[in-house]
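Topology and contacts: notes
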Amino acid sequence: MRVNINSWFASVKSACPICGRGSSQGSQSIPIPIKHPAPRQVMATLCGSCRQAIPWIAYPTCRICGRAERCEDCIRRQVRHFSISRCAVGYDKPMKDWLALYKYRGNEQLELVLAAMLAFAYERLCEAIQPDFHAITSVPLAPERLLDRGFNQAERLAIRLANWYGLSYSPMLERLRHTEKQSLKTRRSRVVDMRGNFAAVSTALFSPTIILVDDIYTTGSTLDECARVLQQANQIEAKTTVYGLLWARS
Amino acid sequence: MKVVLYVVKFEKDYEAFFSVAWEVDEVYWKNTACRMFRLSEQVPLGIAVSVCQYLKEQWTKGRSDIGGEKRTEPHSTSDGVEDLRKAVHLVCGKLGAPIPLRVEHVALGINEHSRGMEKMWSREGVRHIRGNSRHLEEVARLASVHLAGRSLLREEAVQLLSDVIPADDSASPLAALQLAALSGALQLTAAVAPKPVAPPQRGFRYWAERLRLARLRGPATSPRRSQELACRRCGSGQDKLRRTPCAACGQACAYCEACLTMGRSRECELLIIGVPLNTTSQPTQSATPTPEELTKRWGLSPAQSDAAVTALSFLNESRGNIRQESSSFLLWAVTGAGKTEMIFPLLEAVLSRGGRALVATPRRDVVLELAPRLAKAFPHYERTVLYGGSLDRWENGALTLATTHQLIRFQEAFDLVLIDELDAFPYHNDPVLHYAADKCRKKTGSTVLLSATPPQHMQRAASRRRLPCARVPVRYHRHPLPVPQRLVIPTVSELLRKSTIPAKLLKALQHSVQRGAQIFLFVPYVRQVEPFVKLLQRCAKSLSIQPETIAGTSSKDSNRTDKVSSFRDHSISLLVTTTILERGVTIPKSDVFILDAHNALFDSASLVQMAGRAGRSANDPFGFVFFGAPVWTKSQRGSVRQIRSMNSLASKHGYLKKKD
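The sections below set out a description of the structure shown in this document. (Residues numbered from 1 in each chain as written. Chains lettered and ligands numbered in written order. Predicted model: local features only at pLDDT ≥ 70, side-chain atom pairs only at ≥ 80, totals over all residues. Heavy atoms only, no water.)

All right, on to the side chain of B:Thr340 then. Residue and element names in this part refer to chain B. In this fold, threonine 340 is placed in helix α11 (residues 339–352). The exposure class assigned to threonine 340 is buried, which follows from its relative accessible area of 16%. Apart from the residues lying within four places of it in its own chain, the contact partners of threonine 340 are Leu370 and Arg373. (Helix = DSSP H or I, 4+ residues; strand = E, 2+ residues; numbered from the N terminus. Buried < 20%, exposed > 50% of the residue type's maximum accessible area, 1.4 Å probe, protein only. Contact = heavy atoms within 4.5 Å.)

Put into structure tokens, the structure is as follows:
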């Protein structure tokens with residue numbers, strides 16, 4: 001067996017969790033737009049080029065859904081069940097790849113990074129409104145899909161976020177129907193299909209303000225439907241306000 | 001996934017099994033078993049595998065003790081139920097899972113099925129199986145045929161079955177797999193499972209282990225069992241495994257990060273290995289064809305045929321006996337020696353014997369290039385071409401051509417494994433691919449490694465005769481390799497800063513242009529390619545070539561293939577590039593300039609490869625190679641030495657053409 005004594009004294013090289021390359025010195029100069037130290041630390045493990053590639057939505061143009069561009073959906077929509085939502089990044093090609101790496105390929109090393117990016121959206125949400133949240137929950141997966149994938153990405157992100165910011169996470173929803181993949185459908189059928197997909201889990205933990213976490217916002221139909229179900233389940237008390245917190249906005 | 005864990009009692013002894021399709025097992029053991037009991041709740045696959053392994057060890061030990069030395073202490077309690085409970089308890093405790101398995105629950109749920117209780121079995125399920133049993137047996141037989149020599153995850157196996165077996169919804173694939181496994185044609189296991197430890201064969205560890213066994217009595221004498229998990233598919237150990245909570249088994253279960261690109265292998269994921277547990281190797285009998293005849297047939301040069309003869313005799317002598325270390329053979333052929341032609345006789349030797357052969361190469365474009373040549377050479381054999389996104393994914397051809405990544409889906413499938421360019425990315429320095437290449441060879445098979453620049457440790461092993469080796473020191477046109485010349489010039493970054501090209505370099509370039517050669521110009525970094533192209537275009541006039549015919553390409557270039565093909569058809573006469581083109585591209589009349597040859601990115605292997613781009617064709621065998629660097633380094637010296645030694649070896653053997 002060969003022993004490389006030099007390696008004992010070399011500095012520990014940490015590979016970038018996304019591209020796997022060693023982090024270069026250049027990455028230090030790129031600012032991380034997050035205040036909380038824990039997610040900041042996570043983001044610091046990324047290499048310069050990966051960090052550069054993140055299309056942060058620092059200034060949302062749409063005050064409602066948090067999109068960086070003008071948003072027709074929010075103008076057109078008559079009834080809205082969620083209050084507002086904020087998204088961390090725009091859903092461009094590299095972000096699509098990152099999410100696929102995590103969600104479909106199952107590289108759970110990315111979970112921390114995505115959660116740290118979601119922390120950015122959380123901080124933007126806190127800037128937009130009075131932060132007096134009590135509870136955080138996530139959009140559920142259908143049981144079959146959950147068995148297939150092994151994890152619910154929204155739940156994982158929400159739990160990480162809850163740990164960092166001292167929120168209390170609890171599952172409040174369940175998915176009743178196993179729908180086709182959202183990404184394969186048109187806008188109209190998405191809205192129609194969503195109806196009756198979710199049900200509230202009976203729980204006493206309901207609180208007046210709830211943050212709902214999901215990975216992508218495309219038309220907002222999932223978010224809206226979930227918010228509707230949550231509000232309905234909580235009719236007895238004062239009205240529930242649901243805020244959306246999403247990792248990407250397409 | 002979760003499985004049913006059960007124990008079958010035969011005449012005397014017990015055996016523990018797990019099942020992915022319980023209804024099959026239920027019927028299967030009906031007539032042979034004396035007694036049978038299961039855990040009423042399904043358990044995660046990882047745990048079931050560990051429990052079965054543990055119980056097997058316990059029970060076999062108990063048996064051998066009673067039969068052999070007659071130890072006083074009874075190892076195995078007579079009651080199998082108690083043993084099962086204990087084992088599950090032990091394994092769950094050892095895993096330290098954050099969501100512990102409720103053992104009392106398990107203990108409560110043990111249902112005993114004795115022969116008399118047969119009536120209480122769910123009649124419907126049994127009848128359903130019975131009705132389709134003939135059909136299911138047929139599907140299981142087909143599954144075992146098609147899965148032979150494979151190691152597939154559940155999803156892949158199900159895909160394979162749905163592809164090869166006529167669409168029929170009545171037989172569930174899992175049931176077919178389970179039946180095949182019960183009849184011993186397949187092995188089902190967890191994709192990430194405890195690594196079976198082989199007792200150390202030599203050295204300090206061996207003696208320590210022997211002393212330990214000699215001194216101790218009692219349970220400590222049992223061989224040490226490793227608790228270390230490993231990926232059964234790619235062989236990665238604990239450091240590549242990551243434990244995450246898993247919804248499919250409700251536990252923190254480990255998955256393998258190293259082979260994630262080929263589908264996720266995890267502790268609760270089923271791995272189907274198409275190798276029966278006890279393989280009986282049938283003695284292969286065939287007249288050994290005389291090597292000389294074979295090589296004549298393929299029109300090889302003397303150097304090539306000499307090497308092929310050596311390799312063939314290695315194959316012939318090695319056939320049929322199982323060896324651990326010396327089953328690989330190094331074919332060390334210089335760049336442009338015609339390696340592909342040399343492998344044909346080897347492949348034919350194996351194929352004509354009825355064996356299966358594999359040609360693996362790290363890169364996909366080489367696979368695509370080689371496929372038609374192999375098809376032409378072996379039109380009568382079934383061929384399979386495998387790469388990411390290829391169509392014949394599940395075929396079992398006699399001759400398989402694959403990228404090295406595809407090998408992790410095989411296990412003990414091939415009699416001959418040929419690995420081309422073993423020092424190329426990504427195969428080089430990737431333990432996963434090395435493990436895969438090792439795993440896919442049959443125990444009686446052999447490996448032939450091909451390279452122009454084998455890594456240091458192999459060169460050493462070859463020179464010390466630890467690794468059988470044949471060298472081809474000359475190119476097919478029988479002219480010596482061009483020896484690199486030295487150009488002392490400043491570094492590339494300095495040239496770019498000053499934006500000048502030193503007179504020495506310019507003169508050499510001019511000379512190449514005048515003799516009508518195309519020029520490869522290598523620089524170490526991708527970011528230097530574009531600026532250097534600009535710089536050269538400014539000097540195009542003094543080189544007397546058109547500025548448009550100077551181009552650059554790199555790994556980040558999206559139209560690299562276009563540029564390479566236009567370099568091939570002479571519309572580009574000077575190509576600035578990085579190590580990405582160090583192998584594979586053959587230009588008949590070309591000269592090579594390597595700038596910053598002292599850079600650490602260029603090791604001596606890649607310098608030899610880049611130098612090997614020059615003088616490839618018989619029409620222009622004397623290309624020029626220049627190392628442009630401010631200093632002379634060890635790797636430059638090493639590469640020149642390697643080229644010189646090959647040339648002198650060639651002249652010693654008389655392979656070189658006589659000068660007219």
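Let us look at the packing of helix α20 (residues 604–611) of chain B against helix α21 (residues 634–653) of chain B. Residue and element names in this part refer to chain B. Contact pair α20 / α21: the axes reach a minimum separation of 8 Å and the direction vectors enclose 55 degrees. Judged by the inter-axis angle, α20 sits oblique to α21. Every pair of crossing elements has a handedness; the one defined by α20 and α21 is right-handed. Between α20 and α21, the residues in contact are Ser604, Leu607, Val608 and Ala611 and Ser635, Gln636, Gly638, Ser639, Gln642 and Ile643, respectively. Tallied by class, the residues present in the contact of α20 with α21 amount to four nonpolar, six polar and no charged. (Axes fitted to C-alpha atoms, helices over the stretch in contact; angles between N-to-C directions. Parallel < 35°, antiparallel > 145°, perpendicular 65-115°, else oblique. Left-handed = near helix turned anticlockwise from the far one by under 90°. Nonpolar A, V, L, I, M, F, W, Y, C, P; charged D, E, K, R; others polar.)

Turning to the pattern of salt bridges, a few remarks are in order. Summed over all chains, the structure comprises 30 salt bridges over all chains. When the shortest N-O distance is used, the salt bridge between B:Glu156 and B:Arg233 registers 3.7 Å. Placement of B:Glu156 in helix α6 (residues 154–164) and of B:Arg233 in the loop between β9 (229–231) and β10 (241–246) is noted, with a sequence separation of 77 residues between them. As far as burial versus exposure is concerned, B:Glu156 and B:Arg233 are alike and both buried. Ionic pairing is found between B:Glu267 and B:Arg243, a salt bridge with its closest N-O pair at 3.3 Å. Remark: B:Arg243 occurs in strand β10 and B:Glu267 occurs in the loop between β11 (251–256) and β12 (270–273); sequence separation between them is 24 residues. Taken together, the shared-partner salt bridges in this structure form one network comprising A:Glu108, A:Glu111, A:Arg156, A:Arg160, B:Arg264 and B:Arg266. (Salt bridge = Lys/Arg side-chain N within 4 Å of Asp/Glu carboxyl O.)

Let's shift gears to helix α8 (residues 153–165) of chain A. Residues and elements named next belong to chain A. The terminal C-alpha atoms of α8, which comprises 13 residues, lie 18 Å apart, in line with the 18 Å expected from a rise of 1.5 Å per residue. Within α8, the full set of buried residues consists of Gln153, Ala154, Arg156, Leu157, Ala158, Leu161, Ala162, Trp164 and Tyr165. Between the side-chain oxygen of the N-cap and the backbone nitrogen of alanine 154 there are 3.1 Å, and the N-cap of α8 in question is asparagine 152. Glycine 166 occupies a position one or two residues after α8 and carries a positive phi of about 65 degrees. (Expected span 1.5 Å × (residues − 1). Polar contact = N/O pair within 3.5 Å; in protein donor to acceptor, adjacent residues only side chain to side chain.)

To continue, consider the packing of aromatic side chains. Under the counting rule described, the total for this entry stands at 21 aromatic pairs over all chains. Relative to B:Phe414, the ring of B:Phe410 has its centre 5.1 Å away and its plane inclined at 55 degrees; by these criteria the two rings are tilted. For the pair formed by B:Phe410 and B:Phe414, the shared burial category is buried. Through pairs of rings, three or more aromatic residues link up here, namely B:Tyr6, B:Phe17, B:Trp22, B:Tyr28 and B:Trp29. Here A:Arg80 stacks its cationic end above the ring of A:Phe82, 5.8 Å away from the centre of that ring. Here B:Arg38 stacks its cationic end above the ring of B:Trp22, 4.9 Å away from the centre of that ring. (Phe/Tyr/Trp six-rings, centres within 6.5 Å; stacked < 30°, edge-to-face > 60°. Lys NZ or Arg CZ within 6 Å of the ring centre and 35° of its normal.)

These figures come from the coordinates and say nothing about function on their own.
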